[in-house]
Amino acid sequence: MVSRAEANGVRIFEESPITGWNFKEDGVLCRTGQMTIRARHVIFATGYETQMIHKEPGASLVATYAVVTEPANHLGDWYERAMIWETARPYLYLRTTSDGRIIAGGLDEPLKDGTLQEGREFHQSGKLLERIHALFPRTKRLKAAYAWGAVFGDTRDGFPYIGTHPDYPNCYFLENYGGNGTVCAMMAARMIADALTGKPRPDMAWFSLSRSTKPSPP
Ligand SMILES: Cc1cc2nc3c(=O)[nH]c(=O)nc-3n(C[C@H](O)[C@H](O)[C@H](O)COP(=O)(O)OP(=O)(O)OC[C@H]3O[C@@H](n4cnc5c(N)ncnc54)[C@H](O)[C@@H]3O)c2cc1C
């Protein structure tokens, strides 16, 4: 993707963390070490880390876990191998892979001291396995082949944040949260590309960074 963009004229600055900004009327000067990158517009697409860039976090971050089992020989009691996603909170979701493994995830919990606890995924993978065994008793000998822990972010209304911010002139923010974040990312990319090329996108207001997501008073 990056090579293709470069072939179309995009200039890539790898290993160049931006340490500060200087907003100008016609663009942004981005500081990286001793160098400055001049941009007409900046799009912040830095995932959950964007929470640390502007002063309103807007989303809540939790720890979430996932496990992949060894291949199972007996999934006959799993109706059509349908994907399962609970509406419960914390939720559990499961699906199978083409080589007969089970992927299960969930068991979200608060981050401890704001960070993901190293090694916690081993404990939680045991709990996820117990849930798999309870739902499908014939898998009770099945063990975990892989286990992960990750930070997961969500907004109160479930919508992404897409758009401008009054303190960051000539910039756009692209913040995707929730379980459909990759879909929102594509939507946001199209909206911002349109806005930058002069095609009005009034629908971007629905995802405004300054929208109120507090529950309405009773
Ligand atoms: C366990 C888990 C399961 C998920 N499941 C689903 C799912 O099934 N379906 C779905 O649609 N979504 C899912 N999501 C959500 C989805 O992954 C995110 O919403 C999506 O990846 C957000 O895309 P993004 O491009 O905004 O950010 P990211 O994909 O997080 O990309 C941001 C990038 O910016 C980089 N970065 C951060 N700071 C800087 C910096 N200062 N300088 C340079 N680079 C920086 C990061 O390293 C990262 O590569 C899941 C998330 C998790 C954690």
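As a starting point, this report considers the structure included with it.

Calculation rules
In this convention, every chain numbers its residues from 1, walking through the sequence in written order. With the structure being a predicted model, the display of local features is reserved for residues of pLDDT at least 70 and the display and counting of side-chain atom pairs for 80 or more, all residues being used for whole-chain, interface and lining totals. With hydrogens and water set aside, each side-chain value is computed from the structure's full complement of heavy atoms. Only Phe, Tyr and Trp rings take part, Trp by its six-membered ring, and two of them pair if their centres are within 6.5 Å. Stacked means planes under 30 degrees apart, edge-to-face means over 60, and tilted covers everything else. Only DSSP runs of H or I covering at least 4 residues are called helices, and only runs of E covering at least 2 are called strands; the numbering of each starts at the N terminus. Each residue is assigned to one of three classes by its accessible area relative to the maximum for its type, calculated with a 1.4 Å probe on protein chains only: buried under 20%, partly exposed between the two thresholds, exposed over 50%. For two strands to be treated as a pair, DSSP must find no fewer than two bridges joining them. Consider each residue's heavy atoms; a residue with any of them within 4 Å of a molecule or strand counts as near. Any N or O atom pair separated by 3.5 Å or less is treated as a polar contact, with the protein-specific requirement of one donor-capable and one acceptor-capable atom, and with residues adjacent in sequence counted only for side-chain atom pairs. Note on areas: Shrake-Rupley, 1.4 Å probe, and residue coverage restricted to the protein chains presented here. Nonpolar residues are Ala, Val, Leu, Ile, Met, Phe, Trp, Tyr, Cys and Pro. Charged residues are Asp, Glu, Lys and Arg, and all others, Gly as well, are polar.

### Topic: the packing of aromatic side chains
Logical step 1: The tally for this structure, following the rule as stated, stands at 15 aromatic pairs.
Logical step 2: Arranged with centres 5.5 Å apart and planes meeting at 80 degrees, the rings of Phe23 and Tyr168 form a pair that is edge-to-face. Here Phe23, found in strand β1 (residues 20-24), pairs with Tyr168, found in the loop between β10 (161-163) and β11 (171-175); they are 145 residues apart in sequence, far enough to count as distant.
Logical step 3: Since its relative accessible area comes to 27%, Phe23 is described here as partly exposed.
Logical step 4: Consider the rings of Tyr91 and Tyr93, whose centres lie 6.0 Å apart with planes at 35 degrees: the pair is tilted.
Logical step 5: By relative accessible area, which is 10% here, Tyr91 ends up buried.

### A few points about the pairing of strand β3 (residues 35-39)
Logical step 1: Relative to β3, strand β2 (residues 27-32) runs antiparallel, the two sharing 5 bridges. Bridging across to β3, Leu29 finds its partner in Arg38.
Logical step 2: The hairpin turn running from β2 into β3, its antiparallel successor, is 2 residues long, and Gly33 in that turn takes a positive phi close to 60 degrees.

### Overview of the site of the ligand
Logical step 1: If you check the shell around the ligand, you find 17 residues, and the closest are Val151, Asn176, Gly179, Gly181 and Thr182.
Logical step 2: At 3.3 Å from a nitrogen atom of the ligand is found a side-chain nitrogen or oxygen belonging to Glu49.
Logical step 3: Asn176 is positioned such that a nitrogen or oxygen atom in its side chain is 2.9 Å from an oxygen atom of the ligand.
Logical step 4: Protein burial of the ligand: of its 1,000 Å² of free accessible surface, 51% is covered by the chains.
Logical step 5: Looking at the shell around the ligand residue by residue, the class counts come to 7 nonpolar, 9 polar and 1 charged.

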